[in-house]
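Descriptive analysis of the structure
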Amino acid sequence: MATYEVFLKKDGKDEYRHAGALDAANDELALVMARETYIRRAEGNRVWVVNREHLLMAGDDFISPNADKPHRHHDGAAVAARRKAAREADSSEAGNDE
Amino acid sequence: MSNEAALREFLLAFADDEHLIGQQHTEWIGVAPFLEEDLAFSSIGQDELGHAVLLYELVCEIDGVEPTDAAIDALAYGRSAEEYRSSAFTEFGTTDWAEALVRHWIYDMVEDLRWQLVAESSHAGLASVAVRAQREEAYHRRHAEALIGSLVTTPGRVELERALDTVLALLPSLLAPVAGIEEMVAAGVTAAPLSSKSSDIASQINAAFDGEYEVQVGSGARQERSSAFGPLMARMREVLDLDPDAVW
């Protein structure tokens, strides 16, 4: 038995979203079982079923150093303030020329 | 036999099989061998019950009765045993998963052929029911074939072969011609009797099992019920019988 992850997408611009997982003996059975387990009420119009073995996975060790980089969490406020100050400086210079 | 009487026999045989097989499948709710199969198998059972309703509606039309829920229920649950036209194949009750699975596989193989035979029926109502049913049958067959195809190469094959012996002994009853079938073929209601498909069915079974099984056609025009019918009907009517006049 292998574990499969199931992703569903509705027609339109929505992206595929994870719906859940299931165990199956082979790919065909995984697809067949996914239909009644996750799409019995037509929750999506399209489905991806992926054997978990085929997912590229990484965990905490790989990702956690990035948790300590506050400079990547800027909201643009500092840059916006500097640009505003620069604009105001420009317009007061222009005013002086008149 | 008048054409109308023959049509009623033909439709009832199909509807009663669909109704009873739907009941048999849905009895696996909660006890199928794994969760995903529990959902899939009982969904397939629901589909079959839906086909039965559509066919009973066509019977109501012949009887000149408005096809209300009460009228459908009266046909589904309210007749005496001799008025049913179900086959021993669908009446057979089992708590053995291998038997349930092999029966599902062969039933849907036969049902698919049955719909194909009426897909271009001169009876417009029946032809339109066939279109809808065939879309659902594609999934039923894929489900059954995926399970049989993967189990047949495992040690579980022994169980399947044992079950196949049981189910093949019942299969002639499903293929037995109904009363008035010649009239129905002549009128273009069905392209041919289901019994004409027995070698097609045998070759599908033999392809899956690499075997040399033979498929026989029964007789009796479905006028008699098997011993499994009474207990099955009692299970189906269990709640209804608590208060036959209850309003739902």
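Residues numbered from 1 in each chain as written. Chains lettered and ligands numbered in written order. Predicted model: local features only at pLDDT ≥ 70, side-chain atom pairs only at ≥ 80, totals over all residues.

**A short note on the overall build of chain A**
- Helix and strand content of chain A: three helices and three strands.
- Element order for chain A, N to C, with α for helix and β for strand: β-β-α-β-α-α.
- Radius of gyration (C-alpha) of chain A: 26 Å, far over the 13 Å computed for a compact globule of 98 residues.
- For the C-alpha atoms alone, the extent of chain A along its principal axes is close to 80 × 35 × 15 Å.
- Sequence separation of 24 or more characterises 48% of the internal contacts of chain A that already satisfy a separation of 6 or more. (Helix = DSSP H or I, 4+ residues; strand = E, 2+ residues; numbered from the N terminus. Rg over C-alpha atoms; globule rule 2.2 N^0.38 Å. Contact = placed C-beta atoms within 7 Å.)

**What to know about the overall build of chain B**
- Secondary structure assignment for chain B yields 10 helices and zero strands.
- Secondary structure elements of chain B occur, N-terminal to C-terminal, as α-α-α-α-α-α-α-α-α-α.
- Taking 18 Å as the expected radius of gyration for a compact globule of 248 residues, we find that chain B reaches 18 Å, a close match to that expectation.
- For the C-alpha atoms alone, the extent of chain B along its principal axes is close to 55 × 45 × 30 Å.
- Across the 248 residues of chain B, 42% fall into the buried class. (Buried ≥ 20, exposed ≤ 12 C-beta atoms within 10 Å, placed from the backbone.)

**Some points on the packing of helix H1 (residues 3-26) of chain B against helix H2 (residues 35-63) of chain B**
Residue and element names in this part refer to chain B.
- Contact pair H1 / H2: the axes reach a minimum separation of 7 Å and the direction vectors enclose 160 degrees. One element, H1, and the other, H2, form an angle in the roughly antiparallel class. In this structure, H1 crosses over H2, and the sense of that crossing is left-handed.
- In the contact of H1 with H2, the residues fall into 15 nonpolar, eight polar and four charged. (Axes fitted to C-alpha atoms, helices over the stretch in contact; angles between N-to-C directions. Parallel < 35°, antiparallel > 145°, perpendicular 65-115°, else oblique. Left-handed = near helix turned anticlockwise from the far one by under 90°. Nonpolar A, V, L, I, M, F, W, Y, C, P; charged D, E, K, R; others polar.)

**Things to note about the nonpolar core**
- In this structure, B:Phe10, B:Leu11, B:Leu55 and B:Val102 are the most contacted members of the largest nonpolar core, which totals 76 residues.
- It is helix H5 (residues 97-118) of chain B that provides the largest number of residues to this core, a total of 12 residues. (Core = buried A, V, L, I, M, F, W, Y, C linked by C-beta atoms within 7 Å.)

**Re the interface of chain B and chain A**
- Taken residue by residue, the interface counts 10 residues in chain B and 11 residues in chain A.
- Those elements giving two or more residues to the side of chain B that touches chain A turn out to be H2 and helix H6 (124-151) of chain B.
- A per-element tally of the side of chain B that touches chain A places H6(B) first, with six residues.

**Here's the deal with the packing of helix H1 (residues 27-38) of chain A against H2(B)**
- For the pair H1(A) and H2(B), the least separation of the axes is 8 Å and the interaxial angle reads 75 degrees. Here H1(A) is positioned roughly perpendicular relative to H2(B), judged by the angle of their axes. Facing H1(A), whose interface residues are A:Val32, A:Met33, A:Glu36 and A:Thr37, H2(B) presents B:Glu36, B:Leu39, B:Ala40 and B:Ser43.
- Of the residues contributing to the contact of H1(A) with H2(B), the split by class is four nonpolar, two polar and two charged.

**Regarding the sheet that holds strand E3 (residues 46-51) of chain A**
Residues and elements named next belong to chain A.
- Across the sheet, three strands lie side by side as E2-E1-E3; this open sheet has antiparallel pairing. Strands at the two margins of the open sheet, each flanked by one partner only, are strand E2 (17-24) and E3. In this sheet, adjacent strand axes meet at a mean angle of 25 degrees when their direction is disregarded.
- When strand E1 (residues 2-9) meets E3, the two strands line up antiparallel, connected through six bridges. The partner of glutamate 5 across the bridge, within E3, is valine 50.
- Along the sheet face, H1 touches E1, E2 and E3 and points at about 125 degrees away from the line of E2. (Pairing = 2+ DSSP bridges.)

**Comments concerning the confidence of the model for chain B**
- Taken residue by residue, chain B gives an average pLDDT of 96. The fraction at 70 or more is 100%.
- Confidence estimates for the predicted assembly give a pTM of 0.90 and an ipTM of 0.87. (pLDDT = per-residue confidence, 0-100.)

**With respect to the environment of B:Ala146**
- Note that B:Ala146 resides in helix H6.
- On a C-alpha basis, the gap between B:Ala146 and B:Trp105 in space is 9.9 Å, while along the polypeptide they are 41 residues apart.
- Ignoring sequence-local partners within four residues, the contact set of B:Ala146 consists of A:Glu28, A:Leu29 and A:Val32.

**Some thoughts on the environment of B:Glu137**
All names here are of chain B.
- Examined against the element boundaries, glutamate 137 turns out to sit in helix H6.
- According to the C-beta neighbour criterion, glutamate 137 is buried, with 23 such atoms within 10 Å.
- Through-space distance from the C-alpha of glutamate 137 to that of aspartate 47 is 8.9 Å; in sequence the pair is 90 residues apart.
- Setting aside chain neighbours within four positions, we find glutamate 137 in contact with Asp108, Glu111, Asp112 and Trp115.

**Comments concerning unusual backbone geometry**
- In this structure, A:Ala42 is a non-glycine residue whose phi angle is positive, near 50 degrees.
- The topology assignment puts A:Ala42 in the loop between H1 and E3.
- Exposure remark for A:Ala42: the 8 C-beta atoms within 10 Å place this residue in the exposed category.
- Within the chain, B:Asp210 stands out as a residue other than glycine whose phi angle is a positive 50 degrees.
- Relative to the assigned elements, B:Asp210 resides in the loop between helix H9 (198-209) and helix H10 (229-236).

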